[in-house]
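Listed below, chain by chain, are the residues.
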Amino acid sequence: MYIFKAGVVGAGTMGGEIAQVITYAGLPVVMKDIDQEMLDAGMEQIRSIYQARVDKGKMGAGDMESKLDLVTTTLSYDAFADVDIVIEAVPEKMAIKKQVFRELEEACPEQTIFASNTSALSISEMGAATDKPHKVIGMHFFNPAHVMKLVEVIPGLDTGRETQDDVVMFAETLRKIPVVVQECPGFLVNRLLMPYLNEATLALEEGAATATEIDTAVVDWGMPMGPFTLMDMLGIDVCADVGEYLYSEYGERMRPARLFEKLLGAGRLGEKTGVGFYDHPGGESEDVHQMIKDLQAAGEVATGTPFTVERLMYPLINEAAQCVLENVATMTDIDMAMVAGTGMTYGGERVGPLVVADQIGLDQVAETLKELEADFGPRFRPARPLRLRVRAGHLGVKTGKGFYEHT
């Protein structure tokens, strides 16, 4: 099915940017919210993205106005009677998303695809709340949506193959890179990122290193920005919500750092509130330093623990290996998703975690994980695909085969 017109529900940061991406591809879009001020802010966000292109000489003012004319804003579902796909970008609460899909069923044609921009929640559960679960799918854009190329396409248990194929084609029409991911909590990129982000926060609250030291070490390793810079940009509340959900699904190996709760309680949500792990502007925060001291004085966190960049990066690699075991995505898609979704590099090359493991040596990665497991507990236990390949002598580049074959 070709998509001629789209709808977006939710005019917040992601909703506005998704609507802009759709209009940039030349398609009309209806953007709905329950608040006129949110709609106005969403339109202003779309305009600002196009204005930046005009200011850089990448498009003319007339072209910008033509793109803006493709957006219709609304407080009701009346304009959804002829949309081919609707992407919901409402708050990350399952009850809200289910309610939106039920309302959309009353307003949209039978053939309309219902896509969720959720970063972690169950697509199958959303589909079960509708009368057409074969038309419900995940379509997870990355922030900022007008810049990031990756879109995770997540079919639920009942999603039809035609729906999956239509959404992959639609994502390509939007000039995005679609990666099909089998449903699991956190899907692919966030599932890999959260152990890394959480481990960074654990190291921080334990006093192993400062936020600046950790961010610098990670950038030197190859990530485009450090974990605390990234979390402040994404929103600490968003990261904490995803972390809690993954903990509820995966158990102890995903237990969130206690510092998240302290930050949320103080309203330190990141750049959007001016304060997060860092002050914006200002850098390192004395308030956060005091939170860490309080946690340590109360005996709520360990102290005197060591910091190495491997403590952060190897859990990400290990989770990627676990995704191989679970067939969450192909190995090449796992690596491509991390490159396209996070800008991951290593040794000056844009490569993903499985390629990185092959370059380091799977035996070295597994041995370091075992040492970390001895120091910090079972969350570092090497995943079976790592252990299996090491036993078989598939150690990566140095033996000619690891996750991949090397000539």
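Attention here is on the structure that accompanies the text.

What counts and how
- Residues numbered from 1 in each chain as written.
- Predicted model: local features only at pLDDT ≥ 70, side-chain atom pairs only at ≥ 80, totals over all residues.
- Heavy atoms only, no water.
- Patch = residues over 30% accessible without salt bridge, like charges linked within 9 Å, V, L, I, M, F, W, Y side chains within 5 Å.
- Areas by Shrake-Rupley, 256 points an atom, 1.4 Å probe, with all protein chains shown as cover.
- Salt bridge = Lys/Arg side-chain N within 4 Å of Asp/Glu carboxyl O.
- Helix = DSSP H or I, 4+ residues; strand = E, 2+ residues; numbered from the N terminus.
- Buried < 20%, exposed > 50% of the residue type's maximum accessible area, 1.4 Å probe, protein only.
- Axes fitted to C-alpha atoms, helices over the stretch in contact; angles between N-to-C directions.
- Parallel < 35°, antiparallel > 145°, perpendicular 65-115°, else oblique.
- Contact = heavy atoms within 4.5 Å.
- Nonpolar A, V, L, I, M, F, W, Y, C, P; charged D, E, K, R; others polar.
- Pairing = 2+ DSSP bridges.
- Lys, Arg positive; Asp, Glu negative; His and termini not counted.
- Charge placed at Lys NZ, Arg CZ, Asp CG, Glu CD.
- Expected span 1.5 Å × (residues − 1).
- Phe/Tyr/Trp six-rings, centres within 6.5 Å; stacked < 30°, edge-to-face > 60°.
- Lys NZ or Arg CZ within 6 Å of the ring centre and 35° of its normal.

What follows is about a nonpolar patch on the surface. Taken together, the side chains of Tyr2, Phe4 and Met169 define a hydrophobic patch exposed on the protein surface, amounting to about 330 Å² of accessible area. As for its position among the elements, Met169 is in helix H6 (residues 161–173). When its relative accessible area of 37% is taken as the criterion, Met169 is described as partly exposed.

Let's shift gears to the packing of helix H13 (residues 309–325) against helix H17 (residues 384–391). For the pair H13 and H17, the least separation of the axes is 7 Å and the interaxial angle reads 85°. Relative to H17, the element H13 is oriented roughly perpendicular. Residues Asn318, Ala321 and Leu325 of H13 form the contact with H17, whose participating residues are Arg384, Pro385 and Leu386. Of the residues assigned to the contact of H13 with H17, the class counts are 4 nonpolar, 1 polar and 1 charged.

As enumerated under the stated definition, the model contains 17 salt bridges in all. Among the salt bridges present, the one from Glu319 reaches Arg191, with a minimum N-O distance of 2.8 Å. Taken as a pair, Glu319 in helix H13 and Arg191 in helix H7 (residues 189–205) lie far apart in primary sequence, 128 residues in all. For the pair Glu319 and Arg191, one class covers both residues: buried. Through salt bridges with shared partners, a single ionic network connects Arg191, Arg253, Glu319 and Glu326.

Across the sheet, which stays open at both edges, the 8 strands sit in the order S3-S2-S1-S4-S5-S6-S7-S8 with mixed pairing between neighbours. Pairing within the sheet leaves two strands with one partner each, and these edge strands are strand S3 (71–74) and strand S8 (177–180). The mean inter-strand angle of the sheet, taken between neighbouring strand axes irrespective of direction, is 25°. Here 4 bridges tie strand S2 (residues 29–32) to S3, and the two strands are oriented parallel to one another. Within S3, the residue paired with Met31 across the bridge is Thr73. Lying over the sheet, helix H4 (residues 94–107) contacts strand S1 (6–9), strand S4 (85–88), strand S5 (113–116) and strand S6 (136–141), oriented at roughly 165° with respect to S5. Against the sheet, H6 engages S1, S4, S5, S6, strand S7 (150–155) and S8, with an angle of about 25° to S6.

With 4 bridges joining them, S7 and S8 adopt parallel strand pairing. When the sheet's bridge partners are listed, Leu150 is paired in S8 with Ile177.

Let us now look at a positive patch on the surface. A surface patch of like charges, here positive, comprises Lys370, Arg381, Arg384 and Arg391. Mapped onto the elements of the fold, Arg391 is located in helix H17. The exposure class of Arg391 is exposed, given its relative accessible area of 66%.

A word on a negative patch on the surface. The grouping of Asp241, Glu244, Glu261 and Glu300 at the surface amounts to a negative patch. Along the chain, Glu300 falls in the loop between helix H12 (286–297) and H13.

Okay, H6 next. Over its 13 residues, H6 extends 18 Å from the first C-alpha to the last, a length consistent with the 18 Å expected when each residue adds 1.5 Å. Residues Thr163, Gln164, Asp166, Val167, Val168, Phe170 and Ala171 constitute the buried set of H6. Phi for Arg175, located one or two positions after H6, is positive at around 65°.

With that settled, consider the packing of aromatic side chains. Within the structure shown, the criterion is met by 8 aromatic pairs. When the centroid spacing of 6.3 Å and the interplanar angle of 80° are considered together, the rings of Phe260 and Phe277 count as edge-to-face. Note that Phe260 is positioned in helix H11 (residues 259–265) and Phe277 in the loop between H11 and strand S9 (278–279), a separation of 17 residues in sequence. With centroids separated by 5.9 Å and ring planes inclined at 45°, the aromatic side chains of Phe376 and Phe380 adopt a geometry described as tilted. Across this residue pair, the class does not change: Phe376 and Phe380 are buried. An aromatic cluster of at least three residues, connected via ring pairs, comprises Phe228, Phe260 and Phe277. We note Lys132 situated over the ring of Phe114; from NZ or CZ to the ring centre the distance is 4.1 Å. Looking at Arg311, its charged tip hangs above the ring of Phe376, at a distance of 4.0 Å from the centre.

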